[in-house]
Amino acid sequence: HVDAAQLEECRLHPATLFSTVLTLPNTEVRSLGNSLRILSPDSMSGGVIPAGSTNSVILSGTGRDVTELAGLLMSIEAEGKKKNEQAAASAAAQKP
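About the criteria used
Residues numbered from 1 in each chain as written. Predicted model: local features only at pLDDT ≥ 70, side-chain atom pairs only at ≥ 80, totals over all residues. Heavy atoms only, no water. Helix = DSSP H or I, 4+ residues; strand = E, 2+ residues; numbered from the N terminus. Buried < 20%, exposed > 50% of the residue type's maximum accessible area, 1.4 Å probe, protein only. Polar contact = N/O pair within 3.5 Å; in protein donor to acceptor, adjacent residues only side chain to side chain. Contact = heavy atoms within 4.5 Å. Pairing = 2+ DSSP bridges. Salt bridge = Lys/Arg side-chain N within 4 Å of Asp/Glu carboxyl O.

Engineer: Would you take a moment to explain the side chain of S56 for this structure?
Structural biologist: Its location among the elements puts S56 in strand β3 (residues 56-62). The class for S56 is buried, based on a relative accessible area of 10%. A polar atom in the side chain of S56 sits 2.9 Å from the side chain of T23. Those residues in contact with S56, other than ones at most four positions away along the chain, are V21, L22, T23, V29, I49, P50 and A51.

What follows is the structure in structure tokens.
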């Protein structure tokens, strides 16, 4: 297991399998996990697994794969956060 903050170091080890946990509070990880399975067709070498009923996912795979998946998921998370903030601001503006 590697802390998410150390993922860039994993990229240097393309033949080693790693796992990490990402928490994505603005992302519905269950449907995301299903959608991303196509990116990791070889379930023996890694993938994205929703972690129970939390907003966390377990990423596993080679250093390069885990790093790239984490980057993709963090981009999705940033968009989700932006969307949630816009919705909250809109709702606040509509209150009398």
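Engineer: Help me understand the pairing of strand β2 (residues 47-50) in this model?
Structural biologist: Sheet topology note: the β2/β3 ladder contains four bridges and is antiparallel. In the sheet register, V48 faces β3, and the bridge partner there is L59. The antiparallel hairpin formed by β2 and β3 contains five residues in its connecting segment, where G52 sits at a positive phi of about 60°.

Engineer: Would you explain the pattern of salt bridges in this entry?
Structural biologist: Scanning all chains against the criterion turns up three salt bridges. Where E8 meets R11, a salt bridge forms, and the shortest distance between an N and an O atom there is 3.5 Å. Note on E8: relative accessible area 53%, which makes it exposed. Residue E68 is joined to R64 by a salt bridge in which the shortest nitrogen-to-oxygen separation is 3.0 Å. Note that E68 and R64 are positioned in helix α3 (residues 63-94) at a spacing of four residues, about one turn of the helix. Residue E68 is classed as partly exposed on the basis of its relative accessible area of 36%.

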